[in-house]
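So the chains spell out like this:
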Amino acid sequence: MGSFDHFRKWVLISFMILQFADGFYLPGSFPHKYNVGDQLSVKVNSLTSIDTEIPYGYYSLPFCKPSEGVKDSAENLGELLMGDRIENSPYRFKMYTNESEIFLCKSNPLSADEFKIMKERIDEMYQVNLNLDNLPAIRYMKREGFSLQWTGYPVGIKVQDVHYVFNHLKFKVLVHKYEESNMVGVIGAGDGAELITTRDNSSSTDPPAYMVVGFEVVPCSFQHDPQLLKDVTTYGKYPTSVKCDPVTVSMAIKAGQSVTYSYEVSFVESDIKWPSRWDAYLKMEGAKVHWFSILNSLMVITFLAGIVLIIFLRTIRRDLARYEELDKEAQAQMNEDLSGWKLVVGDVFRAPENPELLCVMVADGVRILGMAVTTIFFAALGFMSPASRGALITGMLLFYMFLGVFAGYVAVWLLRTIASGDSKGWFSVSWKVACFFPGIAFLMLTTLNFLLWGSHSTGAIPFSTFLVLLLLWFCISVPLTLLGGFFGTRAPRLEYPVRTNQIAREVPAQRFPSWVLVLGAGTLPFGTLFIELFFIMSSIWLGRVYYVFGFLFVVLVLLVTVCAEVSLVLTYIHLCVEDWRWWWKSYFASGSVALYIFLYSINYLVFDLKSLSGPVSAILYLGYSLLMVMAIMLATGAVGFLSSLFFVHRLFSSVKID
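Residues numbered from 1 in each chain as written. Predicted model: local features only at pLDDT ≥ 70, side-chain atom pairs only at ≥ 80, totals over all residues. Heavy atoms only, no water.

1. A look at the nonpolar core
What counts, and what does not: Working definition of a nonpolar core: buried Ala, Val, Leu, Ile, Met, Phe, Trp, Tyr and Cys residues. They are joined through side-chain atoms within 4.5 Å. Each residue's exposure class comes from its accessible area (1.4 Å probe, protein chains only) as a fraction of the maximum for that residue type: buried when under 20%, exposed when over 50%, partly exposed otherwise. Helix numbers and strand numbers start at the N terminus; a helix is a DSSP run of H or I with at least 4 residues, a strand a run of E with at least 2. Whether two residues are in contact is decided by their heavy atoms: any pair within 4.5 Å suffices.
Val348, Val362, Phe641 and Phe652 are the most contacted members of the largest nonpolar core, which has 78 residues in total. Contributions of two or more residues to this core are made by α7 (355-380), α9 (404-418), α10 (426-454), α13 (523-541), α14 (549-576), α15 (583-591), α16 (593-608) and α17 (615-653). Top element by residues in this core is α17. It accounts for 15 residues. In contact with Phe641, not counting residues within four places along its chain, are Leu358, Val362, Leu414, Ser567, Trp582, Trp583, Ser586 and Tyr587. In terms of nonpolar packing, the next biggest core, distinct from the first, is built from 47 residues, Ile102, Leu169, Val175 and Tyr261 among them.

Structural data, given as structure tokens:
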């Protein structure tokens, strides 16, 4: 009877949650309630430009500093790896309290170096990214009849060779009344909880509370009168009104001249509910073109890959059906006149060159692919939304570590398959899997980080973060990979259906080098993702919000399918021309898509990242791009190789040739 009562309670709770779904939020995203007059703190992301050569971040410029000093906010591992440095700012608001002409500070006279840095930052379109209640400040403007929006605002603007600074900010905070009527309440506790109800605060005498659902900023350039600032203190009221007109500028910066900063804030009650407050950031211009382009690409690539696959399967099926229809005497006669892929029956499963390296690369590729699928899947469900800074990178690291068990298992299983059941060397292979890609990534990150440290950039990864990464690597990832390798020694291997000859068959001379086909095979997988790649690159390097994880998951599934199909076709072509060396070729047939992605990255650097200043930023960009490309090569190569392995095994299991 007690179990039935518990079941009834859970049914009632589930029903109430579904009925009031607008009050249900994912973990880590519960709204913060503010009473009227509560202080709101605005924070700043110290890394506010794609240019990694900017020294010291936001407070290296002659901006106002908080009276309590600059303090770092709590950051997770993903934020540190992405270079985000969230710090407090001098801007302070009171909930639902409009304020105007608030004097912030007056800087010291600009030195020659500060004047030079300010001009450079204005020329480089250095963006200041403020956030309130975890919402980035968004800026709206109209240009040539189009409505545009950005996150953050520029330091200033250059007009006719004169540099103007935006020294007055006009903030608008959108708020929504906090409604507890949408929250599920339970009367009672423990086993005595029988009545489930909803809270109704309509008769409550408590003062109204609000949630922040929007944060907008309008930067202005305003010339303050120095004579009126003599008796004004910080957060005091400027004696005259400040007209904030974003179209006109008046505060030109000059060496030896001070800059006065001020701001105003207004609160507007909005119909936007808290779960929908990120819609303004996610609904960017050009969304229709984005969706149409991806859908068009998916349809074309699926159509082409489907035709290739149908022709491919029909050819093999007809070949096998004709062979099976013959009687034994005719089959024996046919075996003497073998041609095409049947001629390499005694060599098709001959061990490839560097088998251990192949096992390591395939296993690491399987782990990277599993990490990508799992991360994108949870991101599509909303668990890694843009509201949770660093959650995506943190999730990727955790999934990569725990999938080490699977990577070690695949590596040892493949090694035993190639070695015909011999488990010798399983520990060495498992150790290499645990250190191969993580070691390369760690070496590249360390090298690039030395460049960042040398340029005093805020994008540099702290030394303590490197220690954390090392602990995660050797205390979690390595043991799990070795454990997976041990399980692989106990797993059944893939039995070869035919015997391998003692002497290798000579491969006939080919009309075209095989590497031409291998490199050309990567164009089709690249066609499935090059449109989506533009939005991903813009999100990483231009600070734009990326949110279409559902479409990205579809693109990933299509990419895996096309990689498998391309590798199968290329493997069959090589076998038909009596080339039995298909192992590495099947791997790089699908893995060659990474080459085209790297070339696209270079194109993106040349034509879309023109604001990068100096060789260090370009080297960092290419270094991170190379790391990304290597991960893609391992993942897509693993898909192509495993598909070809099972295909070849199935093909030669379907026909008996003595």
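2. Comments concerning the pattern of salt bridges
The test is simple: Only one rule defines a salt bridge in this text: a Lys or Arg side-chain nitrogen within 4 Å of an Asp or Glu carboxyl oxygen.
Under the defined criterion, the tally for this structure stands at 13 salt bridges. Lys432 is the salt-bridge partner of Glu356, the closest N and O atoms lying 2.7 Å from each other. Highlighted residues: Glu356 in helix α7 and Lys432 in helix α10, separated in sequence by 76 residues. A residue is classified by how much of its surface remains accessible, and Lys432, at 37% relative accessible area, is partly exposed. Where salt bridges share partners, they join Asp579, Arg581 and Lys585 into one cluster.

3. Considerations on unusual backbone geometry
One non-glycine residue, Tyr96, lies in the positive phi region at around 60 degrees. Of note, the phi angle at Glu101 is positive, near 50 degrees, even though the residue is not glycine.

4. Section: the packing of α7 against α9
As a reminder, the rule being used: Between the N-to-C directions of two axes lies an angle of 0 to 180 degrees, each axis being a line fitted to C-alpha atoms and, for a helix, fitted only over the stretch in contact. Crossing handedness follows the turn of the near helix against the far one: under a right angle anticlockwise gives a left-handed crossing, and clockwise gives a right-handed one. Amino acids outside the nonpolar list (Ala, Val, Leu, Ile, Met, Phe, Trp, Tyr, Cys, Pro) and the charged list (Asp, Glu, Lys, Arg) are all regarded as polar, and Gly is one of them.
Two elements in contact, α7 and α9, have axes whose closest approach is 8 Å; the angle formed by their N-to-C orientations is 150 degrees. Note that α7 runs across α9; the crossing there is right-handed. Taking contact as the criterion, the partners of Pro355, Glu356, Cys359, Val362, Ala363, Val366 and Arg367 in α7 are, on α9, Gly404, Phe406, Ala407, Val410, Ala411, Leu414, Leu415 and Ile418. Residues that form the contact of α7 with α9 fall into these classes: 12 nonpolar, one polar and two charged.

5. Some words on the packing of aromatic side chains
What counts here: Each Phe, Tyr or Trp ring, with Trp reduced to its six-membered ring, pairs with another whose centre is within 6.5 Å; inter-plane angles below 30 degrees give stacked pairs, above 60 give edge-to-face pairs, and intermediate values give tilted ones. Two conditions define a charge located above a ring, namely a distance within 6 Å from the ring centre to NZ of Lys or CZ of Arg, and an angle within 35 degrees of the ring normal.
Across all of its chains, the model carries 37 aromatic pairs by this definition. Aromatic side chains Phe442 and Phe466 sit 5.5 Å apart centroid to centroid with 85 degrees between the ring planes, which places their arrangement in the edge-to-face category. Of this pair, Phe442 sits in helix α10 while Phe466 sits in helix α11 (residues 463-490), placing them 24 residues apart in sequence. The interplanar angle of 50 degrees and the centroid separation of 6.2 Å between the aromatic rings of Phe486 and Phe487 together place this pair among those described as tilted. A relative accessible area of 35% places Phe486 in the partly exposed class. A relative accessible area of 41% places Phe487 in the partly exposed class. An aromatic cluster is present here, built from Phe442, Phe450, Trp453, Phe466, Trp473 and Phe474 joined pairwise through their rings. Over the face of the ring belonging to Trp580 we find Arg350, whose NZ or CZ atom lies 5.7 Å from the ring centre.

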